[in-house]
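Residue-level listing of the chains:
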Amino acid sequence: TVGDEELSALQLGNDNWADVVPSPEDPAVDVGVTNRQTFTIAAPYAKLLYAAPSAVRLRSDRLVSQRADGSLVAQIALGRGSTYTVESKMPNATPQRLRAALVGPLPDNVANNDLAPGVISSRVLTLAAAITHNAPTSYDKVLAITAWLGANTAYSLEAPLPPEGDTDAVDYFVFTSHRGWCEQIASALTVMLRSQGIPARVATGFATGSVDPLTGRYTVRERDAHAWTEVYFPGVGWQGFDPTAAVPLAGDTPPTRTAFGWLRMHALVIIAVIVMLIAAGYASVWMRARWREQRARTRASWAAKTLRELERVGHAHRRPRAPAETPTRYAGALSELLDRPELIVVGAAIDSAGFGPQPGTTSELEARVEAALRAART
């Protein structure tokens, strides 16, 4: 259910910056990692102001209101070309911190709004208990249910809706259709977590879209609209989990991301290298430019080979890499999924070797990378 919309206006200063009132149950605003994002609107109309959680400051030339859950709403809609900047404090979460988080006590708002499972059938309740029986912590229960959804359901935009009169959509998705889109998958994870005493909620917004490797800017389109699950961990705050990433595509649904994004990203890198060579085309530095080109090709070859190995690990665990997902981001996702923090160094080494300004790899680093991949394959 969606509660009544309670809005409170933010007070903009002379520099158009405003403090966002933090939710009292969110420790991330005090201990999180600062992140600043600037958004430029390309659509003709935008009322909601999207941001990474949890927003603490906002800069806008429009009056903005805030919902009780922290969402930001423009009092006058933004149009094409409008910009705004948001500073957020993102949860400084690691698998170790999430496993160590206590079960309670919970803030009143969380306990009252994000813990009750609502409509849930007896067999969904039984299934959730069976899936999480051997999971010792809330974090492990999240991983267990996510893994079960990945193994037993499929993603499809053509998934059937529950029959008329059947109000338990999660029961129908889990036991009958076995197919759904992001909202159904996130709802299933949320309901099953709540049934096990873990506060959770469904969040809606957008995935990060496609990134331009030269400018670092992301392009987010309507097709990137998404839903995921947020789980509350005392002392950490709300932490997002995307169970849809673990669910394979059904045969009737083409991927929303294509290889075009991957080709476009590498084409831009190739063009950039060519431009650099032309600009440095004086005879006196020609041999040096050729040496640099050869060195870059060697690094890229190692990076490409290592990236393929990392992707094989992901495919083995039903977590393929999205075309717009950088090696560092992909390795980070796999490290959380598999609880192998050593995989983070793999993604960083690939990015450094393939795109960094320095030679990037050493025999010691390559040995660490190979050891991390070998351990993840076991």
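Residues numbered from 1 in each chain as written. Predicted model: local features only at pLDDT ≥ 70, side-chain atom pairs only at ≥ 80, totals over all residues. Heavy atoms only, no water.

> Help me understand the packing of helix H5 (residues 138-152) against helix H7 (residues 182-195) in this model?
Running from N to C, H5 and H7 point in directions that differ by 140°, and their axes come no closer than 10 Å. Relative to H7, H5 is oriented oblique. Relative to H7, H5 is oriented so that their crossing is right-handed. Of the residues in H7, those touching H5 at Lys141, Val142, Ile145, Thr146 and Leu149 are Ile185, Ala188, Leu189, Met192 and Leu193. Taken together, the residues of the contact of H5 with H7 break down into 8 nonpolar, 1 polar and 1 charged. (Axes fitted to C-alpha atoms, helices over the stretch in contact; angles between N-to-C directions. Helix = DSSP H or I, 4+ residues; strand = E, 2+ residues; numbered from the N terminus. Parallel < 35°, antiparallel > 145°, perpendicular 65-115°, else oblique. Left-handed = near helix turned anticlockwise from the far one by under 90°. Contact = heavy atoms within 4.5 Å. Nonpolar A, V, L, I, M, F, W, Y, C, P; charged D, E, K, R; others polar.)

> Mind showing me how you'd approach H5 here?
In an α-helix, one turn spans 3.6 residues; hence positions three or four apart end up facing the same way. Its 15 residues give H5 an end-to-end C-alpha distance of 21 Å, which sits within 8% of 21 Å, the value for a rise of 1.5 Å per residue. Along H5, the residues classified as buried are Tyr139, Asp140, Lys141, Val142, Ile145, Thr146, Leu149 and Gly150. (Expected span 1.5 Å × (residues − 1). Buried < 20%, exposed > 50% of the residue type's maximum accessible area, 1.4 Å probe, protein only.)

> Help me out: how do you make sense of the confidence of the model for the chain in this one?
Predicted confidence across the chain gives a mean pLDDT of 79, with 81% of residues reaching 70 or more. Considering only residues more than four positions removed or in separate chains, one finds that residues 253-273, a stretch of pLDDT under 50, has 21 contacts. Across residues 282-287, confidence stays below pLDDT 50; counting only partners more than four residues off in sequence or on other chains, it has 1 contact. (pLDDT = per-residue confidence, 0-100.)

> When you look at the nonpolar core in this model, what are you seeing that I'm missing?
Generally speaking, a soluble globular protein has its nonpolar side chains buried in company with each other. Core analysis: the largest hydrophobic core is formed by 26 residues, its most contacted members being Leu149, Met192, Leu193 and Val231. Counting only elements with at least two residues in this core, the list comes to helix H4 (122-131), H5, helix H6 (169-177), H7 and strand E14 (225-233). Within the second largest apolar cluster, 19 residues are counted, among which are Tyr330, Ala331, Leu373 and Ala376. (Core = buried A, V, L, I, M, F, W, Y, C linked by side-chain atoms within 4.5 Å.)

> I tried to follow helix H12 (residues 363-377) on my own but got confused; where do I start?
The first and last C-alpha atoms of H12 sit 21 Å apart over 15 residues, in line with the 21 Å expected at 1.5 Å per residue. Residues of H12 that are buried include every one of Leu365, Val369, Ala372, Leu373 and Ala376, and no others. Looking straight down H12, one finds its buried side chains confined to an arc of 95°; they lie on one side. Along H12, the residues that are exposed and aim more than 90 degrees away from the buried face are Ser363 and Glu364. (Arc of directions from axis to C-beta.)

> What is the right way to look at unusual backbone geometry in this model?
A negative phi holds for most residues other than glycine; trans holds for most peptide bonds. Here the residue pair Pro53 and Ser54 is connected by a cis peptide bond, since its omega of -10° sits within 30 degrees of zero. Note that Ser54 resides in the loop between strand E4 (46-49) and strand E5 (55-59). Phi angles above zero are rare outside glycine, and Arg318 is one such case at about 60°. Position of Arg318 among the secondary structure elements: in the loop between helix H9 (286-316) and helix H10 (327-338). For Arg318, a relative accessible area of 44% puts it in the partly exposed group.

> Got a minute to help me understand the packing of H4 against H6 in this structure?
In helix packing, the relevant descriptors are the interaxial angle and the interaxial distance, both defined with respect to the helix axes. Where H4 contacts H6, the two axes come as close as 9 Å, and the packing angle between them is 70°. Relative to H6, the element H4 lies roughly perpendicular. Relative to H6, the crossing made by H4 is left-handed. Listed contacts from H6 to Arg123, Val124 and Leu127 of H4 are Val170, Asp171, Val174, Phe175 and Thr176. In terms of residue class, the contact of H4 with H6 is made up of 5 nonpolar, 1 polar and 2 charged.

> Sorry, what's going on with the sheet that holds strand E1 (residues 7-9) here?
Adjacent strands of a sheet pair through backbone hydrogen bonds, lying either parallel or antiparallel. Pairing in this open sheet of 4 strands is antiparallel, and the strands run E1-E6-E7-E4 from one edge to the other. The open sheet is flanked by E1 and E4, the only strands paired with a single partner. The average undirected angle you get between the axes of adjacent strands in this sheet is 30°. The pairing of E1 with strand E6 (residues 64-67) spans 3 bridges and is classified as antiparallel. The residue of E6 that forms the bridge with Leu7 is Arg67. (Pairing = 2+ DSSP bridges.)

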